[in-house]
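Spelled out from the first residue to the last, the chains are:
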Amino acid sequence: DTEVTQTPKHLVMGMTNKKSLKCEQHMGHRAMYWYKQKAKKPPELMFVYSYEKLSINESVPSRFSPECPNSSLLNLHLHALQPEDSALYLCASSQDPAGGYGYTFGSGTRLTVV
Amino acid sequence: SQQGEEDPQALSIQEGENATMNCSYKTSINNLQWYRQNSGRGLVHLILIRSNEREKHSGRLRVTLDTSKKSSSLLITASRAADTASYFCATFRTGNQFYFGTGTSLTVIP
C-alpha cells in the first residue's frame, strides 16, 4: 500500500458543528502532517507529528485540534470554525521525520464552512 | 511559513516544447523537492535533490540546485498536455521544517 487515504473527500459544516478529518497510511511512515491550502495558493503547514508526538504546531488556532492515535492514523478535529477556514486540507506522510525522503500526500478533504 | 518563491507564476507553452520554472528560497536547506498538483487534488512527489547535489534527472525532468544562490530550477522536456498542472518547490530543513514555494501554473496547449 503506497497511499495516504483521507476521508471524507468533501465536508460541509456549520460554524457550530464539530467534525473530524481522518488520514490513514500503511507505509510504515513515522512522520505525518496536516496542511491547509486555499485556492491558487501553496499548501501551508499546520501540524507535524513525529513518531506519534506533536513536534510542530504552526500557531494554528485552537479550533483545529490534531490527534495521532497510532502510527498509521492522523485526525484533525474541527470545532467552531469560521467561513475563512474553508479550504482543501491535505494530509501527508514521510518515511523519516529527519528528512531526506519525499512526502506522500493524500487527495485532500475539501472543507466548506457555512 | 512560506519559504520560497517561484517564477514564473504562470507559464503557457505548446505541446512538445520545454518548460522551465525556477524556485528561490531564503534559508539554508537539507534538500529541495518538486511536486505536481493537478487542479484541486493532492500533490505528487516528482524529484528530490539534496543540498550537496547540483543536478538530478528523472525521465523528462531535470532539476538543478545552486545553494550559493539559493535557487533551483525544474525543466520538463518535450511537454505533453498531461503535464498541465501546478508545480511547487518545497524546501526541507533539519527540525522537520518543510515549506512550499508559491508555485507555477503550467498550461501545455495540445
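The notes below deal with the structure included here. In this text the structure is predicted, and so the values were computed from the model without any measurement. (Residues numbered from 1 in each chain as written. Chains lettered and ligands numbered in written order. Predicted model: local features only at pLDDT ≥ 70, side-chain atom pairs only at ≥ 80, totals over all residues. Heavy atoms only, no water.)

1. Some details on the sheet that holds strand S7 (residues 61-66) of chain B
Residues and elements named next belong to chain B.
Step number 1: The strand order across the open sheet built from 5 strands is S1-S3-S8-S7-S6, with neighbouring strands paired in antiparallel fashion. Strands at the two margins of the open sheet, each flanked by one partner only, are strand S1 (4-7) and strand S6 (55-58). Strand-to-strand, the axes of this sheet are offset by a mean angle of 15 degrees, without reference to chain direction. (Pairing = 2+ DSSP bridges. Helix = DSSP H or I, 4+ residues; strand = E, 2+ residues; numbered from the N terminus. Axes fitted to C-alpha atoms, helices over the stretch in contact; angles between N-to-C directions.)

2. Examining the side chain of B:Ser79
Residue and element names in this part refer to chain B.
Step number 1: Structurally, the position occupied by Ser79 is in the loop between strand S8 (71-76) and strand S9 (85-93).
Step number 2: Of the residues examined, Ser79 reaches a relative accessible area of 2% and is grouped as buried.
Step number 3: A polar atom in the side chain of Ser79 sits 2.8 Å from the backbone oxygen of Glu17. (Buried < 20%, exposed > 50% of the residue type's maximum accessible area, 1.4 Å probe, protein only. Polar contact = N/O pair within 3.5 Å; in protein donor to acceptor, adjacent residues only side chain to side chain.)

3. Observations regarding the state of the cysteines
Step number 1: By the definition in use, this model includes 2 disulfides over all chains.
Step number 2: Across the disulfide, A:Cys23 is cross-linked to A:Cys91 (sulfur-sulfur distance 1.8 Å). Taking the sign of the S-S torsion, about -70 degrees here, the bridge from A:Cys23 to A:Cys91 comes out left-handed. Of this pair, A:Cys23 sits in strand S3 (residues 18-25) while A:Cys91 sits in strand S9 (residues 87-94), and the two are 68 residues apart along the sequence. For the residue pair A:Cys23 and A:Cys91, the accessibility class agrees, reading buried in each case.
Step number 3: Sulfur-sulfur distance for the disulfide between B:Cys23 and B:Cys89 comes to 2.0 Å. Because the torsion about its S-S bond is 65 degrees, the bridge between B:Cys23 and B:Cys89 counts as right-handed. Remark: B:Cys89 occurs in strand S9 and B:Cys23 occurs in strand S3 (residues 19-25); sequence separation between them is 66 residues. B:Cys89 carries the same exposure label as B:Cys23, and that label is buried.
Step number 4: Cysteine A:Cys68 remains unbridged, with the sulfur of A:Cys23 as its closest cysteine sulfur at 9.2 Å.
Step number 5: Overall, the relative accessible area of 13% leaves A:Cys68 in the buried class. (Disulfide = S-S within 2.5 Å.)

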